[in-house]
Each structure stands twice: as structure tokens, then as C-alpha cells.
Amino acid sequence: MDVLDLLKKCESFDWDQGNEQKNWELHQVKKTEAEQVFFNRPLIVLDTYSQDQEKRYLALGVTNAGRLLTIVFTVRKKTMIRVISARDMSRKERKAYEEQN
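Here goes a summary of the coordinates provided. What you are looking at is a predicted structure, and each value in this text was computed from that prediction instead of being measured.

**As for the overall build of the chain**
Counting its regular elements, the chain contains four helices and five strands. Listing each helix as α and each strand as β along the chain from the N terminus yields α-β-α-α-β-β-β-β-α. Radius of gyration (C-alpha) of the chain: 13 Å, near the 13 Å computed for a compact globule of 101 residues. Counting only C-alpha atoms and orienting by the principal axes, one finds that the chain spans roughly 30 × 30 × 25 Å. Here the chain holds 101 residues, and the buried ones make up 44% of them. In the chain, the proportion of contacts linking residues at least 24 apart, taken out of those at least 6 apart, comes to 47%. When the accessible area of the chain is evaluated, it comes to approximately 6,400 Å², of which 46% is carbon and sulfur surface. Averaged over its 18 positive side-chain charges, the chain has a centre that lies 1 Å from the centre of its 16 negative ones.

Encoded structure:
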């Protein structure tokens, strides 16, 4: 199944308190900002790797305020997005994102 089709079936977010706190402390990204990326366009999603049998994805997108973020996430129980990491895009990621638009 294509990752974008998988995302269309997602109904909610599943936040781990540790990841939520880590994203704020390290990158000043609130969970609401990270969630906005999945609803705004353009959204670029790459199938990255599996860790401990869990498939992980990389999303490049924009918040409502225009902040460009990179989100590492997985899908749990086929309907919940679990954000693992959220941070500002690197220069290389920004360039790739802008080239897609």
C-alpha cells in the first residue's frame, strides 16, 4: 500500500509523552504544529526504514504559520499517526521540498 493511501485512512494521532516533550525541548516544535503538517499541502512523504519491525516514514511539510518541518513518524493500528521526531527542515530538505513545488 502506498504511504499516502495509508495516511488517508488515519483518523487520529497517538502521542508518546516522551516524544512530545523531546520535540519541544530539542526543536521547539509543539505537537499541534507537527500535526498541522499532515493537513497542509504540499506534503512530501518518503518511505524510510524499519526499526524493530516498525515501518518509519519521513514527511516534509509546512505548518499553518509557514514553518517548514521534517517529521519522522509511523502508523499504529492502521489508523493512528505516531510522531517520533519533529524538527525544522535542513537546508538540503528545504531545497528538495521547494523543488517539488
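**Describing the nonpolar core**
With 20 residues, the main nonpolar core has Leu-7, Phe-38, Val-45, Ile-71 and Phe-73 as its most contacted residues. For this core, the element with the most residues is strand 4 (residues 68-76), which contributes four residues. Residues within four places of Val-45 in sequence aside, it is in contact with Val-3, Leu-4, Leu-7, Tyr-57, Leu-58, Ala-59 and Phe-73. Core analysis: the next-biggest nonpolar cluster, separate from the first, contains five residues, Ile-44, Leu-60, Met-89 and Tyr-97 among them.

**Some thoughts on the packing of aromatic side chains**
One pass over the structure, following the stated rule, counts four aromatic pairs. Taken together through their ring pairs, the aromatic side chains of Phe-13, Phe-38, Phe-39, Tyr-57 and Phe-73 make up a single cluster.

**Re the environment of Leu-4**
Inspection of the secondary structure puts Leu-4 in helix 1 (residues 3-8). Spatially, the C-alpha atoms of Leu-4 and Trp-15 are 20 Å apart, while their sequence positions differ by eleven residues.

**Here's the deal with the pattern of salt bridges**
The full count for this structure, using the stated rule, is ten salt bridges. In this structure, Asp-14 and Arg-76 form a salt bridge, with 4.0 Å as the shortest nitrogen-oxygen distance. With Asp-14 in the loop between strand 1 (12-13) and helix 2 (17-27) and Arg-76 in strand 4, this pair connects stretches of sequence that are 62 residues apart. Overall, Arg-76 belongs to the partly exposed group, its relative accessible area being 27%. The partner of Glu-54 in a salt bridge is Arg-76, with the nearest N and O atoms 2.6 Å apart. Residue Glu-54 is found in strand 3 (residues 54-62), and its partner Arg-76 is found in strand 4; the two are separated by 22 residues along the sequence. When salt bridges that share partners are traced, they join Asp-14, Asp-16, Glu-54, Arg-56, Arg-76 and Arg-82 into one network.

Conventions and cut-offs
- Residues numbered from 1 in each chain as written.
- Predicted model: local features only at pLDDT ≥ 70, side-chain atom pairs only at ≥ 80, totals over all residues.
- Heavy atoms only, no water.
- Helix = DSSP H or I, 4+ residues; strand = E, 2+ residues; numbered from the N terminus.
- Rg over C-alpha atoms; globule rule 2.2 N^0.38 Å.
- Buried < 20%, exposed > 50% of the residue type's maximum accessible area, 1.4 Å probe, protein only.
- Contact = heavy atoms within 4.5 Å.
- Areas by Shrake-Rupley, 256 points an atom, 1.4 Å probe, with all protein chains shown as cover.
- Lys, Arg positive; Asp, Glu negative; His and termini not counted.
- Charge placed at Lys NZ, Arg CZ, Asp CG, Glu CD.
- Core = buried A, V, L, I, M, F, W, Y, C linked by side-chain atoms within 4.5 Å.
- Phe/Tyr/Trp six-rings, centres within 6.5 Å; stacked < 30°, edge-to-face > 60°.
- Salt bridge = Lys/Arg side-chain N within 4 Å of Asp/Glu carboxyl O.

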